[in-house]
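# Structural overview
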Amino acid sequence: NATISDNLGVGTIVDDDPLINISISDVSKKEGKKGQTTLFTFTVTLSAASDQPVTMSYRTVNGTATTGNSDYVAKTGTLTFAPGQTTKTITIEVKGDNKKEANETFYLDLFGNSSNSLFTKSRGIGTILNDD
């Protein structure tokens, strides 16, 4: 002698996977002579391997080094870490010159990361060491 007033139950599966931390390295190198190109390789690292892809975008940003002065070549793009991967690199071309000048910097910024991650260091600093 019972009446069922609600015959549906709701079960919620809560995602308890921790967020993956993302960081980027800094790079310092001599610029090289006029006509030379020096490669600045930044390393992007995940704190742990994920079981799902982790994505983010990147772009160079002028500092005291600028693309207008032909100090380096601007670059933008997207990085995708496949499940299990924890490191990737981004290479920026720096143009040498014969000018006596102070050390110069540019930046490599990470942004627009996937929802399964967060940034612990999203700006890499490229320091061009003057060697003239």
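Residues numbered from 1 in each chain as written. Predicted model: local features only at pLDDT ≥ 70, side-chain atom pairs only at ≥ 80, totals over all residues. Heavy atoms only, no water.

### Let's talk about the layout of surface pockets
Of the voids in this model, the largest pocket is the one considered here, and its volume is about 210 Å³. Split into classes, the residues belonging to the lining of the largest pocket amount to 4 nonpolar, 3 polar and 3 charged. (1 Å grid on protein atoms, 1.4 Å probe; cavity = no way out; pocket = protein on both sides within 12 Å on 5 of 7 lines; lining within 4 Å. Points joined across faces, edges and corners; volume = space filled by probe spheres on them. Nonpolar A, V, L, I, M, F, W, Y, C, P; charged D, E, K, R; others polar.)

### Looking at the side chain of S50
Secondary-structure assignment places S50 in the loop between strand 3 (37–46) and strand 4 (54–62). Polar side-chain contacts of S50 include one of 3.0 Å to the backbone oxygen of Q52. Once residues lying within four places of it in the same chain are set aside, the contact partners of S50 are I20, P83, G84 and N116. (Helix = DSSP H or I, 4+ residues; strand = E, 2+ residues; numbered from the N terminus. Polar contact = N/O pair within 3.5 Å; in protein donor to acceptor, adjacent residues only side chain to side chain. Contact = heavy atoms within 4.5 Å.)

### Side note on the pattern of salt bridges
By the definition in use, this model includes 3 salt bridges. When the shortest N-O distance is used, the salt bridge between E93 and K95 registers 3.6 Å. The class of E93 is partly exposed, set by a relative accessible area of 36%. The partly exposed category is assigned to K95, whose relative accessible area is 29%. A salt bridge links R123 to D109, with the nearest nitrogen and oxygen atoms 2.7 Å apart. Note that R123 is positioned in strand 9 (residues 123–129) and D109 in strand 7 (residues 104–111), a separation of 14 residues in sequence. Judged by relative accessible area, which is 12%, D109 ranks as buried. (Salt bridge = Lys/Arg side-chain N within 4 Å of Asp/Glu carboxyl O. Buried < 20%, exposed > 50% of the residue type's maximum accessible area, 1.4 Å probe, protein only.)

### Structural notes on the environment of V73
Its location among the elements puts V73 in the loop between strand 4 and strand 5 (76–81). For V73, a relative accessible area of 34% corresponds to the partly exposed category. Contact partners of V73, with chain neighbours within four places excluded, come to I92, E93 and K95.

So, to be careful, I would describe these as geometric facts and stop short of saying anything about function.
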